[in-house]
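Read off the chains here:
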Amino acid sequence: MKLPVAFFAIAALVVASTSPADAKGCLKGAVVGGVAGHYAGHHGAIGALAGCAYGRHRAKEQARQPKGQVPTGQEKI
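Residues numbered from 1 in each chain as written. Predicted model: local features only at pLDDT ≥ 70, side-chain atom pairs only at ≥ 80, totals over all residues. Heavy atoms only, no water.

Draft legend 1. Quick look at the overall build of the protein. Scanning the protein for helices and strands turns up three helices and zero strands. In the protein, the succession of helices and strands from N to C terminus is α-α-α. Going through the 77 residues of the protein one by one, you find that 21% of them count as buried. Carbon and sulfur atoms form 67% of the exposed surface of the protein, whose accessible area is close to 6300 Å². (Helix = DSSP H or I, 4+ residues; strand = E, 2+ residues; numbered from the N terminus. Buried < 20%, exposed > 50% of the residue type's maximum accessible area, 1.4 Å probe, protein only. Areas by Shrake-Rupley, 256 points an atom, 1.4 Å probe, with all protein chains shown as cover.)

Draft legend 2. Focus on unusual backbone geometry. A positive phi angle is found at His42, which is not glycine, with a value near 60 degrees. Relative to the helices and strands, His42 is located in the loop between α2 (26–39) and α3 (44–64).

Draft legend 3. Representation of the packing of α2 against α3. Packing of α2 against α3 brings their axes to within 6 Å, and their N-to-C directions diverge by 145 degrees. Crossing geometry of α2 relative to α3 is assigned as right-handed. Residue-level inspection shows Cys26, Gly29, Ala30, Gly33, Gly34, Gly37 and His38 of α2 in contact with α3, the latter providing Gly44, Gly47, Ala48, Gly51, Cys52, Gly55 and Arg56. Class assignment for the residues of the contact of α2 with α3 results in four nonpolar, nine polar and one charged. (Axes fitted to C-alpha atoms, helices over the stretch in contact; angles between N-to-C directions. Left-handed = near helix turned anticlockwise from the far one by under 90°. Contact = heavy atoms within 4.5 Å. Nonpolar A, V, L, I, M, F, W, Y, C, P; charged D, E, K, R; others polar.)

Draft legend 4. The arrangement of a nonpolar patch on the surface in detail. A cluster of nonpolar residues, Val31, Val35 and Tyr39, forms a patch on the protein surface that exposes about 360 Å² of accessible area. Relative to the assigned elements, Val35 resides in helix α2. (Patch = residues over 30% accessible without salt bridge, like charges linked within 9 Å, V, L, I, M, F, W, Y side chains within 5 Å. Salt bridge = Lys/Arg side-chain N within 4 Å of Asp/Glu carboxyl O.)

Draft legend 5. Summary view of α2. Over its 14 residues, α2 extends 20 Å from the first C-alpha to the last, a length consistent with the 20 Å expected when each residue adds 1.5 Å. Listed in full, the buried residues belonging to α2 are Cys26, Gly29, Ala30, Gly33, Gly34 and Gly37. Summarising the axial view, the buried residues of α2 lie within an arc of 130 degrees, below the 170-degree limit, and thus occupy one face. In α2, those exposed residues whose orientation departs by more than 90 degrees from the buried face are Lys28, Val31, Val32 and Tyr39. (Expected span 1.5 Å × (residues − 1). Arc of directions from axis to C-beta.)

This is the structure in structure tokens:
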């Protein structure tokens with residue numbers, strides 16, 4: 001059972017690393033999502049895929065923000 005999960009996790013990392021610009025945020029999100037998925041019911045591979053998608057989303061959002069500007073919803077008081 002662990003072999004297919006390891007295979008899918010490695011395959012996801014290989015696919016994500018084919019383009020360094022697109023993989024930004026994916027590896028960090030995949031690690032966090034994989035660990036969370038493992039502890040939430042032994043669904044590490046699904047968690048890794050979801051974490052990768054979320055990490056890429058966050059990296060794209062941060063890349064769109066102009067330098068020095070605070071993201072919306074996080075204004076300083």
